[in-house]
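Architecture at a glance
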Amino acid sequence: MFWTVRDALVRDTWRAIPMTLGAVCLTSVFQIVQNTSWGFQPVQDLGSVKAADPLGTALMRTPLSLFVPALDLPVWGALAQILLVFGIAEICIGWWRTLLIGYVATLAGTTYARIGLALGPDHPLGLPVSDRIVNDTGPSAAVVGLAIYVCWRYRAYLTGALVILAMIGEVLVKDNLAGKEHLAAITAVMAVCVLRARWGPVRSRVMLGPHPPP
């Protein structure tokens, strides 16, 4: 993975990650606009997803929700995550797969929030009613999902395991909606990896087995 990223950046410099740079710029614009007196509500209407929203509304907002930073976290963290993880993923698996896996992870988190609320706070996987008005994770669920997928594609299993352990630790330390949505994103992306390993292209199927002979 390191050499793939290094060679692409040496050869093409910033031209190797145009989608990632666009995502960073879009997230920056949303951050600036939502902190103005006139821009908060328009940004919420375009890209804020809550479990209380009608499903159709949530699905329409999901594409832009990846780029709306959380209100209670410093924006530089979201920008750094996007630049690093989206950039590595764009180089390693291409821009359209990066967006696809990011959306799968985000939708998994959104879907879990609705299921968790239906299960209720007394269920081990349930959520309290108060979480119905909490914004979804923004770009972080996509970042976690992409990290797992790229680690699988490049057989970086130790790094992938560390990401999973870190997300489990997050839930144990701070049991909130965002942490549980991250675990839902990981579960969904791992399911995608298993499906591709079993029934995907030959290159994907050999990733979990020994390398073919030269």
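Figured I'd write up the structure that's included with this text. (Residues numbered from 1 in each chain as written. Predicted model: local features only at pLDDT ≥ 70, side-chain atom pairs only at ≥ 80, totals over all residues. Heavy atoms only, no water.)

Each helix and strand counted, the protein has 10 helices and 0 strands in total. The linear arrangement of helices and strands in the protein, starting from the amino end, is α-α-α-α-α-α-α-α-α-α. Its C-alpha radius of gyration of 18 Å places the protein within 12% of the 17 Å reference for a compact globule of 214 residues. Along the first, second and third principal axes, the C-alpha atoms of the protein reach 60 × 40 × 30 Å. Taken over 214 residues, the protein has a buried fraction of 43%. A sequence separation of at least 24 residues applies to 71% of the contacts in the protein between residues at least 6 apart. Accessible area of the protein: about 11,500 Å², with a carbon and sulfur share of 71%. Considering the protein, the positive charge centre built from 16 side chains and the negative charge centre built from 12 side chains are found 12 Å apart. (Helix = DSSP H or I, 4+ residues; strand = E, 2+ residues; numbered from the N terminus. Rg over C-alpha atoms; globule rule 2.2 N^0.38 Å. Buried < 20%, exposed > 50% of the residue type's maximum accessible area, 1.4 Å probe, protein only. Contact = heavy atoms within 4.5 Å. Areas by Shrake-Rupley, 256 points an atom, 1.4 Å probe, with all protein chains shown as cover. Lys, Arg positive; Asp, Glu negative; His and termini not counted. Charge placed at Lys NZ, Arg CZ, Asp CG, Glu CD.)

Moving on to the packing of helix α2 (residues 18-34) against helix α3 (residues 40-47). The contact between α2 and α3 brings their axes to 7 Å, and the two run at 135°. One element, α2, and the other, α3, form an angle in the oblique class. Contacts between α2 and α3 involve Phe30, Val33 and Gln34 from the former and Phe40, Val43 and Gln44 from the latter. Per-class residue counts for the contact of α2 with α3 are 4 nonpolar, 2 polar and no charged. (Axes fitted to C-alpha atoms, helices over the stretch in contact; angles between N-to-C directions. Parallel < 35°, antiparallel > 145°, perpendicular 65-115°, else oblique. Nonpolar A, V, L, I, M, F, W, Y, C, P; charged D, E, K, R; others polar.)

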